[in-house]
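Coordinates in review
So you can see what is in the structure, the chains are spelled out below.
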Amino acid sequence: MVSSVWKGTLSFGLLAIPVKLYTAARSQRMNLHQLHKVCHTRLKQPLFCPHCNRQVERSEVVRGYEYEKGQYVVVSDDEIKKITPRSSTVMEIVAFVKQEQIDPIYFDASYFMLPDKESEKPYALLLRTLEDSERVGIATVTMHQREYTVFIRPRKNGLTIHTMYYPNEIREVAGYGKAEKDVKLKPVEIKLAEQLVDSLSQDFKPEQFHDKFQENLRALIEAKQKGKSVVTEEAPRPARVIDIMEALKKSLANAGAQQKPKKPPKVRQTGSDHHRRRLAS
């Protein structure tokens, strides 16, 4: 059973709704671990104290902030508890804004919010109000030793929470946002590009997108377990520098062709596998 990551009260005005948060999405990847080359044993990172020259137990671990190289301020659990804000148990909505005013770059992790027992009606009331007003609630919540500003929005008959990146967490890159100012575009180039966008426009279907590297890695692992090999990906050809108008026209010509989703690499037998099959027969 999936466990909640936060439990408390959602409030705005005098309305209080007991709720729970559940992780809405999580990356699913096949991870390759570090092994000892000699015996293929997975290498571990033990809790080791170089000063005492021994491994330590979890009960011996404390937390601390390094203010200078090798110098730490030790902080106890009781001290952390004393400074934990009210938002650790109460998520208070402080504002409602139009969703189109929020730049997606501020969206971080996502969570599903479910009503606790006997709080279905106020939950449904907030959900309906956000849907009708086309607004998003902004609130604060403390979890994992950090206070987050979060967006509360309606989605598929439920409330979804998105933690927000703070402005100081959004990086600045030199030169970003200056491309259009420094380059002169011809009207015909803009028109062809818009036609290309229009020809490739479609409804968003998230199920059609996938991680091809992970699919290839899974096929490789399964093939090696069975003594087989995997057909390699075709190497990309060097890009030929062509005129932008020529590129747009060729792209438009090719856009009409139906693009079929590529399948994972096929597994083929190696000579050793074929030899084993002949012996078995």
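Residues numbered from 1 in each chain as written. Predicted model: local features only at pLDDT ≥ 70, side-chain atom pairs only at ≥ 80, totals over all residues. Heavy atoms only, no water.

Comments concerning the packing of helix α4 (residues 187-199) against helix α6 (residues 244-255)
Put simply, the rule reads: In this description, a line fitted to the C-alpha atoms serves as the axis of each element, helices being fitted only across the stretch in contact, and the angle between N-to-C directions of two axes falls anywhere from 0 to 180 degrees. Secondary structure follows DSSP: runs of H or I at least 4 residues long count as helices, runs of E at least 2 residues long count as strands, and numbering of each begins at the N terminus. The scheme is simple: roughly parallel for angles under 35 degrees, roughly antiparallel for over 145, roughly perpendicular for 65 to 115, oblique for anything else. Here is the rule for handedness: rotate from the far helix to the near one, and if that takes an anticlockwise turn smaller than a right angle the crossing is left-handed, while a clockwise turn gives right-handed. Note on contacts: a residue pair is in contact if any heavy atoms of the two residues lie within 4.5 Å. Here the nonpolar group is Ala, Val, Leu, Ile, Met, Phe, Trp, Tyr, Cys and Pro; Asp, Glu, Lys and Arg are the charged ones; every other residue, Gly included, is treated as polar.
It is the contact of α4 with α6, at a shortest axis distance of 10 Å, that shows an interaxial angle of 25 degrees. Overall, the two elements α4 and α6 adopt an arrangement that is roughly parallel. Both α4 and α6 take part in a crossing whose hand is left-handed. Of α6, the residues touching α4 (which contributes Val-188, Glu-189, Leu-192, Ala-193, Gln-195, Leu-196 and Ser-199) are Ile-244, Met-245, Leu-248, Lys-249, Ser-251, Leu-252 and Ala-255. Of the residues belonging to the contact of α4 with α6, the class tally is 9 nonpolar, 3 polar and 2 charged.

Digging into the side chain of Arg-153
Rules: Exposed residues in this analysis have more than 50% of their type's maximum accessible area, buried residues have under 20%, and partly exposed residues fall in between, with area computed by a 1.4 Å probe over protein chains only. Charge counting treats Lys and Arg as positive and Asp and Glu as negative, with His and both chain ends excluded. In what follows, salt bridge is the name for a side-chain nitrogen of Lys or Arg lying within 4 Å of a carboxyl oxygen of Asp or Glu.
Relative to the elements of secondary structure, Arg-153 occurs in strand β10 (residues 146-155). No salt bridge is formed by the buried Arg-153; the nearest opposite charge belongs to Glu-131, separated by 9.7 Å. Every residue in contact with Arg-153, bar those within four places of it in the chain, is listed here: Gln-99, Val-136, Gly-158, Leu-159, Thr-160 and His-162.

What about the sheet that holds β10?
Two modes of strand pairing occur in sheets, parallel and antiparallel, and in both the strands are linked by backbone hydrogen bonds. We count it as follows: The rule for pairing is simple: two strands pair if DSSP sees at least two bridges between them.
Strand order around the closed barrel formed by 7 strands is β1-β2-β8-β11-β10-β9-β7, with mixed pairing between neighbours. Here the strands of the sheet are splayed against their neighbours by 40 degrees on average, with no regard to which way each runs. Across 6 bridges, β10 lies against strand β11 (residues 158-164) in antiparallel orientation. Across the sheet, Val-150 pairs through a bridge with Thr-163, a residue of β11. Strands β1 (6-12), β2 (15-23), β7 (90-98), β8 (107-115), β9 (135-143), β10 and β11 of the sheet are contacted by helix α2 (residues 120-133), whose axis makes an angle of about 70 degrees with β11.

Focus: unusual backbone geometry
Even without a glycine there, the phi angle at Glu-118 is positive, about 65 degrees. By secondary structure assignment, the location of Glu-118 is in the loop between β8 and α2. Looking at Glu-118, the relative accessible area reads 78%, which means it is exposed.

As for the pattern of salt bridges
A complete count under the given rule lists 6 salt bridges for this structure. Put simply, Glu-60 and Arg-54 hold a salt bridge, and the shortest N to O gap is 2.8 Å. Judged by its relative accessible area of 38%, Arg-54 is partly exposed. Ionic pairing is found between Arg-146 and Glu-169, a salt bridge with its closest N-O pair at 2.5 Å. Highlighted residues: Arg-146 in strand β10 and Glu-169 in the loop between β11 and α3 (179-182), separated in sequence by 23 residues. Of the residues examined, Arg-146 reaches a relative accessible area of 31% and is grouped as partly exposed.

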